[in-house]
Amino acid sequence: MFKLSKRLFSTLKFKRGDFARLVDSDITHFESIVGKENVKTTELDLYNTDWMKSFKGNSTCVLLPQTAQQVSAILKHCFHRYLAVVPQSGNTGLVGASVPVFDEIILSTSKLRNNFNLDLSSGILECDSGFILEELESRLAPQGYIMPIDLGAKGSCLIGGNVATAAGGIRFIRYGSMHSNVLGLQVALADQNGTLLELGTGLRKDNSGLHSHHLFVGSEGQLGIITGIKMLVAPKPTSICSMWLGTDSFEKCQKILREAKTKLGEVLSAFEFLDAETLRCLKENENLDKPLETASKYNLLIETSGSNPVHDMEKVDGFLSYCLENELAKDGILAKNQTEASYLWKLRETATLALMHDGYVYKNDVSLPLKYYYELTDVVRERLGDKAIRVINYGHLGDGNAHLNITTKKFSQEVYDLLYPFIYKWVTEKGGSISAEHGIGQLKKPYIHLGKHEKELSLNKELKKIFDPKGILNPYKMIDL
Ligand code: FAD
Ligand code: MLT
Ligand code: ZN
């Protein structure tokens, strides 16, 4: 579909650590742990290349363990041999964290999928880390539950990857991130025994110690390999309504959010944003039409999830009328059925893919105080002039998370230098964060210090040394020893 973009390597310079190089006896040892069929040494392109096609590593070995004990034995060997390892789940990460920088071994968790147990009364799920998010959703549905997170990559990302990235997504406004839902983790450490640790008890309430499992949520594969998860899942809603509103004032978007929080209250489950340029991109690159006849500068996709269709519809109808009558929105529709609702969500979820057709995507994933949420987009548009194909903003407005994306035909150093560190400095000066949900990985590594105290960064290094004393887990990325 699209060619490999020129790597950002002219900008991001890494020097290979003095890790050992893989030799035949390592491969033989790995085969004795996981079986010959689970050691791959050919056709590794898909594992070496990230989803954005921006980063490509040179690993010559992918390991596919099936049990936590096998993961532990692999890490023990890597520790003693000083071999670097990249944990990989669905490889849908957007910051180049899930692929090697050099020749690190790739440890894929995609075959760690034996245990699945749901406690029906408490809604606590215990499972291995290799299940696909969408598969978990399907397994939970007949039992009356859903996963508390949902994202466009649900068909490919694995739950372990979701934990390791502290994935956000479209249900965040209702259920929070993985931090809000993970109750305990089983992790394998890259130490002399490949120690398998059970962290957290998996109870909803437990103040008998530090909640150290949270250190692994969002750790980007740099502290240990997550092999098992205990987490809270949510009751399956029986009534879901989706609506689309258009307005030409960003001030009004914020008012609509405030009103949604009070008027839709406990049933509000998503509050997403797409600007007019995103809709133009969806039309030009994916031939998807905008849902309203009128065109609006700002578009909101709002969803409610509840348990009483009559009660929910009354709220949603009242809310839509309120927004139109008070001219907060200039146009709006309520999805009449599942097909219409799916179309609205298709528009939102296809935005990521639609951009890729332009060529090279400069992806941003920032958190901003709401009053600055859109200002950055206009600032960047003006700064780039006609140097970009498009500058668009979509995202999780309800959570203050903006996905500002810029495209050019090919990677352009000139555009990159106009964007970075300008965007990150602008964001942190306004009290925002350079990453709301995608993380640091390779992409944002040079800017990790922005908005962080030196002490916090050195504390992170000290923590990494405790869990990964030789620094062999996912080197060169968020926490660099
Ligand atoms: P990978 O990409 O394989 O890995 C991600 C990181 O976690 C890497 O650092 C890796 O080393 C580490 N890791 C993976 N598995 C383990 C493990 N078992 N133990 C320790 N470390 C591990 N993200 C959001 O937050 N919100 C969104 O709305 C969202 N939407 C997306 C939509 C699309 C179309 C795409 C392509 C991506 C989207 N993402 C989103 C980004 C991505 O899907 C998430 O970050 C996801 O959680 C990554 O899961 P994964 O299984 O693909 O992990
Ligand atoms: C999204 O919300 O669509 C994702 O985080 C992916 C993206 O930023 O494109
Ligand atoms: Zn997102």
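Calculation notes
Residues numbered from 1 in each chain as written. Chains lettered and ligands numbered in written order. Predicted model: local features only at pLDDT ≥ 70, side-chain atom pairs only at ≥ 80, totals over all residues. Heavy atoms only, no water. UniProt positions renumbered as here; feature names shortened; annotations may be inferred. Helix = DSSP H or I, 4+ residues; strand = E, 2+ residues; numbered from the N terminus. Expected span 1.5 Å × (residues − 1). Buried < 20%, exposed > 50% of the residue type's maximum accessible area, 1.4 Å probe, protein only. Contact = heavy atoms within 4.5 Å. Polar contact = N/O pair within 3.5 Å; in protein donor to acceptor, adjacent residues only side chain to side chain. Domains from an automatic or database assignment. Buried area = accessible area lost by both parts, 1.4 Å probe. Salt bridge = Lys/Arg side-chain N within 4 Å of Asp/Glu carboxyl O. Donors = N, O, S within 2.8 Å, 3.2 Å for Na, K, Ca; no water.

Undergrad: Provide a residue-level description of the UniProt feature "domain: FAD-binding PCMH-type" (unreviewed entry) in the chain, including the pertinent values.
TA: Mapped onto this structure's residue numbering, the UniProt feature "domain: FAD-binding PCMH-type" (unreviewed entry) falls at residues 55-236. Between the end C-alpha atoms of residues 55-236 there is a gap of 38 Å, over a span that is 20% helix and 23% strand.

Undergrad: Kindly report on helix α8 (residues 250-264), identifying the contributing residues and their values.
TA: In this model, α8 (15 residues) spans 20 Å end to end at C-alpha, consistent with the 21 Å of a helix rising 1.5 Å per residue. Of all the positions in α8, only F250, C253, Q254, I256, L257, E259, A260 and L264 are classed as buried. Each element contacted by the buried residues of α8 is listed here: α6 (172-175), β12 (239-247), β13 (268-275), β14 (298-306) and α10 (309-325). N-cap assignment for α8: the residue whose side-chain oxygen lies 3.3 Å from the backbone N of E251 is S249. Downstream of α8 by one or two residues, G265 has phi in the positive range, about 50°.

Undergrad: Describe in detail the domain arrangement of the chain, supporting the description with residues and values.
TA: By a frequent convention, interface size equals the accessible area lost on bringing the separate parts together. In terms of domains, the chain is made up of domain 1 (24-111), domain 2 (116-235), domain 3 (239-353) and domain 4 (359-454). For domain 2 and domain 4, the distance between their C-alpha centres works out to 28 Å. Counting from both sides, the interface comprises seven residues of domain 2 and, opposite them, eight residues of domain 4. Contact between domain 2 and domain 4 buries roughly 510 Å² in total, counting both sides, with carbon and sulfur atoms accounting for 42%. Linking domain 2 with domain 4 are zero salt bridges.

Undergrad: Hey, could you go over the side chain of D365 for me, with residue numbers and the actual values?
TA: Considering the arrangement of structural elements, one finds D365 in the loop between β16 (360-363) and β17 (366-367). Here S435 takes part through its side chain, which lies 3.1 Å from a polar atom of the side chain of D365. Non-local contacts of D365, meaning those with residues more than four positions away in its chain, are made with N401, A402, H403, S433, I434, S435, A436, E437, H438, G439 and K444.

Undergrad: I'd like a rundown of the coordination of the zinc ion (ligand 3), residues and numbers included.
TA: Donor atoms from the polypeptide that coordinate the zinc ion (ligand 3) comprise H396 (NE2), H403 (NE2) and E437 (OE), at 1.8 to 2.1 Å from the metal. Going along the chain, you hit the donors of the zinc ion (ligand 3) in the pattern H-x6-H-x33-E. Neither H396 nor H403 differs from the other in exposure class; each is buried.

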